[in-house]
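Residue-level structure breakdown
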Amino acid sequence: MNPTCKKRMGAIRLETMKVVAQEEIAPAIFELVLEGEMVEAMRAGQFLHLRVPDDAHLLRRPISISSIDKVNKQCHLIYRIEGTGTAIFSTLSQGDTLDVMGPQGNGFDLSDLDEQNQVLLVGGGIGVPPLLEVAKELHARGVKVVTVLGFATKDAVILETELAQYGQVFVTTDDGSYGIKGNVSVVINDLDSPFDAVYSCGAPGMMKYINQNFYDHPRAYLSLESRMACGMGACYACVLKVPESETVSQRVCEDGPVFRTGTVVL
Ligand SMILES: Cc1cc2nc3c(=O)[nH]c(=O)nc-3n(C[C@H](O)[C@H](O)[C@H](O)COP(=O)(O)OP(=O)(O)OC[C@H]3O[C@@H](n4cnc5c(N)ncnc54)[C@H](O)[C@@H]3O)c2cc1C
Ligand code: FES
């Protein structure tokens with residue numbers, strides 16, 4: 001570990017990570033590979049808080065960890081250009097460095113699942129990436145993985161082939177230009193297998209559907225987004241309300257981004 005490029009602030013790590021590769025995998029969607037010591041501490045479902053390498057951008061940008069390679073100390077992030085911060089990330093290339101805070105958040109609970117269990121993964125659009133590491137780790141333990149992905153159009157489809165290595169994958173598109181026409185509910189409502197756990201990440205409408213559909217499921221999880229400032233639990237910019245409470249709230253950056261269904265107000 002290089003002490004000049006890495007320091008610890010309590011549980012928060014700051015590190016200058018190396019850009020190993022970057023590739024545009026779909027229109028305006030990039031896969032960025034970073035290398036550094038921080039990878040050792042990463043878990044599925046956590047995110048990195050990236051400093052935009054431009055002094056005009058004060059706030060870091062949260063991006064989920066898509067896959068983790070502890071042997072080579074590398075992680076993959078997949079992001080879509082939304083504004084100026086992500087546009088600047090897209091200009092990074094091999095050999096550049098990035099100021100990274102993380103790994104942040106709780107991540108998905110993958111405990112106590114083995115070859116006797118079956119899980120459902122549900123991802124929408126740019127919410128699909130964090131599910132890849134979930135599929136990889138559970139498949140390696142013999143868990144049966146079924147994945148349902150929803151995208152707006154054929155152009156936006158990502159990670160179908162990668163996820164298919166770990167189990168059956170259904171793809172839906174809103175306009176029917178690829179896979180099944182409609183949204184993920186068209187597939188999920190027809191799946192009658194009991195799932196021991198459900199892992200999901202996607203747009204607010206999809207998260208509301210999963211929350212309602214699996215409200216009382218003991219192990220159904222939502223990975224949620226919120227605008228963030230500090231990204232480390234201090235500023236309360238990212239809070240969500242808790243059902244039937246006026247006083248208790250949950251911070252997406254610190255208490256999440258993964259929450260059990262029925263535990264936050266969407
Ligand atoms: C926990 C978490 C994980 C995420 N993972 C991914 C991912 O894996 N891939 C991906 O493409 N995007 C992801 N996002 C969304 C991503 O953070 C935003 O798209 C990004 O911050 C936009 O920055 P920008 O400067 O390009 O856009 P701008 O619109 O210029 O950003 C302005 C400000 O708004 C914030 N902001 C804008 N959109 C969002 C958003 N959707 N969520 C949170 N803050 C936002 C920015 O961080 C910035 O502070 C995630 C968000 C969260 C909260
Ligand atoms: S962003 Fe500051 S508490 Fe979550």
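Throughout what follows, the structure given in this document is the object of discussion. (Residues numbered from 1 in each chain as written. Chains lettered and ligands numbered in written order. Predicted model: local features only at pLDDT ≥ 70, side-chain atom pairs only at ≥ 80, totals over all residues. Heavy atoms only, no water.)

Looking at the overall build of the protein
- When you go through the protein residue by residue, the secondary structure sums to five helices and 17 strands.
- With the principal axes as the frame, the protein shows a C-alpha extent of 55 × 45 × 35 Å.
- In the protein, buried positions account for 49% of the 266 residues.
- Restricting to contacts in the protein with at least 6 residues of sequence separation, those with at least 24 account for 62%.
- As presented, the protein carries roughly 12500 Å² of accessible surface, and 49% of it is formed by carbon and sulfur atoms. (Helix = DSSP H or I, 4+ residues; strand = E, 2+ residues; numbered from the N terminus. Buried < 20%, exposed > 50% of the residue type's maximum accessible area, 1.4 Å probe, protein only. Contact = heavy atoms within 4.5 Å. Areas by Shrake-Rupley, 256 points an atom, 1.4 Å probe, with all protein chains shown as cover.)

What about the site of ligand 1?
- Inspection of the region around ligand 1 gives 20 residues, with R61, P62, R80, T86 and R227 positioned closest.
- A distance of 2.6 Å is found between an oxygen atom of ligand 1 and a backbone nitrogen or oxygen belonging to P62.
- Interatomic distance of 2.9 Å between a backbone N/O atom of G85 and an oxygen atom of ligand 1.
- Computed on the free molecule, ligand 1 has an accessible area of 830 Å², of which 85% lies beneath the protein chains in the complex. (Near = heavy atom within 4 Å. Polar contact = N/O pair within 3.5 Å; in protein donor to acceptor, adjacent residues only side chain to side chain.)

Let's talk about unusual backbone geometry
- Each neighbour pair has its own omega, and for G102 with P103 the value is -5°, a cis peptide bond.
- With respect to the helices and strands, the residue P103 is situated in strand β8 (residues 97-104).
- The linkage connecting G256 with the following residue, P257, adopts the cis geometry, with an omega of 10°.
- Among the structural elements, P257 can be located in the loop between β16 (249-251) and β17 (258-260).
- Not every positive phi belongs to a glycine, and Y236 is a case in point at roughly 60°.
- By relative accessible area, which is 48% here, Y236 ends up partly exposed.

Brief notes about the packing of aromatic side chains
- Enumeration according to the criterion identifies four aromatic pairs in this entry.
- With a centroid separation of 5.5 Å and an interplanar angle of 90°, the aromatic rings of F108 and Y199 are classed as edge-to-face. Of the two residues, F108 is situated in the loop between β8 and β9 (118-124) and Y199 in strand β13 (residues 197-201); the sequence distance between them amounts to 91 residues.
- Grouped by ring-pair contacts, the aromatic residues F30, Y79 and F89 constitute a single cluster. (Phe/Tyr/Trp six-rings, centres within 6.5 Å; stacked < 30°, edge-to-face > 60°.)

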